[in-house]
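# Overview (structure and organization)
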Protein chains: 2
Amino acid sequence: MTGRRKSPLEIDVTEAHMCSVNLRLHILSQVPFFAGLSQADLDRVNSLFNEQGYAPHETIYFSGDAVKHMFVVADGRVRLMRHSPSGKDVLLDILTPGEFFGSFSAQGDEVYHETAQAHTQTCVLGISVNDFRAILEKNPQVVLRVLDITSARLQAANVRVHQLSALPVEGRIAYLLLVLCAKFGKPGNDGVLIQTPLARDDVAAMTGTTSETASRVMSQFQKDGLIRTGRQWVAVIDLFALEEIAKAEIS
Amino acid sequence: MTGRRKSPLEIDVTEAHMCSVNLRLHILSQVPFFAGLSQADLDRVNSLFNEQGYAPHETIYFSGDAVKHMFVVADGRVRLMRHSPSGKDVLLDILTPGEFFGSFSAQGDEVYHETAQAHTQTCVLGISVNDFRAILEKNPQVVLRVLDITSARLQAANVRVHQLSALPVEGRIAYLLLVLCAKFGKPGNDGVLIQTPLARDDVAAMTGTTSETASRVMSQFQKDGLIRTGRQWVAVIDLFALEEIAKAEIS
DNA sequence: CTCATTCCATGATCTACATCAGTTAAGTGC
DNA sequence: GCACTTAACTGATGTAGATCATGGAATGAG
């Protein structure tokens, strides 16, 4: 393993805390649920957002904080997590530019039910819940898109419940790698590289296990030639084999 | 335990496969997301629904079936579940009159991702996805309500993911009983009776454990005076103690 | 470069819970 | 009422995976 490359991730470490105006407009037009808006509407919407930069591990809001904003990731990666008194945190999702988080229900939650944290150097666009709600009320087709996305997330959450209830750790990690591959994968020389920092702790926190067990399972995957992995990175080589493991049930 | 009462549930075992027209209109007006409609709109919506009766354990649709309808529970209880190849099924939810299920995303899923089954004698109102979508497109405020409900369900699913990842079985069952209590609870002589048939298998399938373990945990709860339970029923006596257990983390 | 920190790997134990198995009790139909 | 069926209880045993503990490798700071 002398030739193992180090840190193959290509994370843009731009110094800018703020993202450029160009990027900002581009991002908003890319957000799935604003896709249908006219340029004029888009400009109006854009003026309601303000941007904010975060360093890695900086917290955007804490679980339990009063809800004030809805956010869109402009650049970087954002972690959504839930804490436990014991310290065993659960990583709900890693968000990529164009995805939204925070509150968006019309009735409005009182407090956030998860913590949002910058995973990498991040730029986030925020809008007050009132402004966002006004947009929703004026643009029915936007609401339909938000509903679609929320339904898809509910769907994904149910899959996760299912897996935590019925699959052994190995299967859950295999499935997670496939999901991350679909979301962050960049085909490369050897396998599909998951383009986001991903520590063993992260894998553990997304699959309901410990970092030690995640480490063992991933070591085995590597020995079996299913993945290549190093410090904070993973590349998937054999998608099909992982799929088999994710589906496998011991009769 | 000589005085243990038998089957304290008060399930209406009406013979009717169909629910009356009165009930039907009443149900639709009670459905949270139709609550804002005018009487005229409500009548029009009503005409788009057709009703269907199901006997206990009858299947309304299977996971994997092509999506054709969105449903509202009119009477009885409906189980939403996911199957595993191994046979270890997961019970996602038990629905009560006024709740909807099936597909409702605007883009439309191709197939159902869960199986819906009558839990008791049930009457269900169905509407074609096209008709429902037309309603959504004409009534923005209805979409907002659907979004709210979907957000709340996503929220609940995330709680479940969290618990499966971080809580021991005892805690998950304690929490489940509290949730069921809030949803189906009827205060009675001794404790709050959960007004739905609830076998140990059901508890197990909702908490990611086995019926044996569910049985052991619930026996212990009963010995400790937290609940009263029998064949297919549970009454909660000490809500506060269950809350403590649900929150407890080992260090 | 060197040191300090963080992340990863892996062995040795321990335990919560699954699994297997047999008994008891609550409903149900005749 | 009695026989039959299904659900619940409970003991014995096995095991996946947590926990504890240690050493090594990649990265970052000075």
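Residues numbered from 1 in each chain as written. Chains lettered and ligands numbered in written order. Predicted model: local features only at pLDDT ≥ 70, side-chain atom pairs only at ≥ 80, totals over all residues. Heavy atoms only, no water.

### As for the packing of helix 5 (residues 169–184) of chain B against helix 8 (residues 239–247) of chain B
All names here are of chain B. Orientation of helix 5 relative to helix 8, taken along the N-to-C sense of each, is 135°, at an axis distance of 8 Å. Relative to helix 8, helix 5 is oriented oblique. Crossing handedness for the pair helix 5 and helix 8: left-handed. Where helix 5 abuts helix 8, its residues Glu170, Gly171, Ala174, Tyr175, Leu177, Leu178 and Cys181 lie against Leu239, Leu242, Glu243, Ile245 and Ala246. In the contact of helix 5 with helix 8, the residues fall into nine nonpolar, one polar and two charged. (Axes fitted to C-alpha atoms, helices over the stretch in contact; angles between N-to-C directions. Helix = DSSP H or I, 4+ residues; strand = E, 2+ residues; numbered from the N terminus. Parallel < 35°, antiparallel > 145°, perpendicular 65-115°, else oblique. Left-handed = near helix turned anticlockwise from the far one by under 90°. Contact = heavy atoms within 4.5 Å. Nonpolar A, V, L, I, M, F, W, Y, C, P; charged D, E, K, R; others polar.)

### Considering unusual backbone geometry
Of note, His57 of chain A is a non-glycine position whose phi angle comes to about 75°, a positive value. You can see His57 of chain A is positioned in the loop between strand 1 (50–54) and strand 2 (59–61).

### Brief notes about the packing of aromatic side chains
As enumerated under the stated definition, the model contains 10 aromatic pairs over all chains in all. An angle of 80° between the planes, with centres 6.3 Å apart, marks the rings of Phe34 of chain A and Phe49 of chain A as edge-to-face. You can see Phe34 of chain A sitting in the loop between helix 1 (21–30) and helix 2 (39–48) and its partner Phe49 of chain A sitting in the loop between helix 2 and strand 1, a full 15 residues away along the chain. Using a relative accessible area of 3% as the deciding quantity, one classes Phe49 of chain A as buried. Where Phe71 of chain B meets Phe101 of chain B, the ring centres are 5.2 Å apart and the plane angle is 20°; that geometry is what we call stacked. (Phe/Tyr/Trp six-rings, centres within 6.5 Å; stacked < 30°, edge-to-face > 60°. Buried < 20%, exposed > 50% of the residue type's maximum accessible area, 1.4 Å probe, protein only.)

### Considerations on the packing of helix 3 (residues 129–138) of chain A against helix 4 (residues 140–166) of chain A
All names here are of chain A. It is at 5 Å that the axes of helix 3 and helix 4 come closest, and there the two elements cross at 110°. Between helix 3 and helix 4, the crossing angle belongs to the class labelled roughly perpendicular. Judged by residue contacts, Phe132, Leu136 and Lys138 of helix 3 engage Pro140, Val142, Val143 and Val146 from helix 4. Taken together, the residues that form the contact of helix 3 with helix 4 break down as six nonpolar, no polar and one charged.

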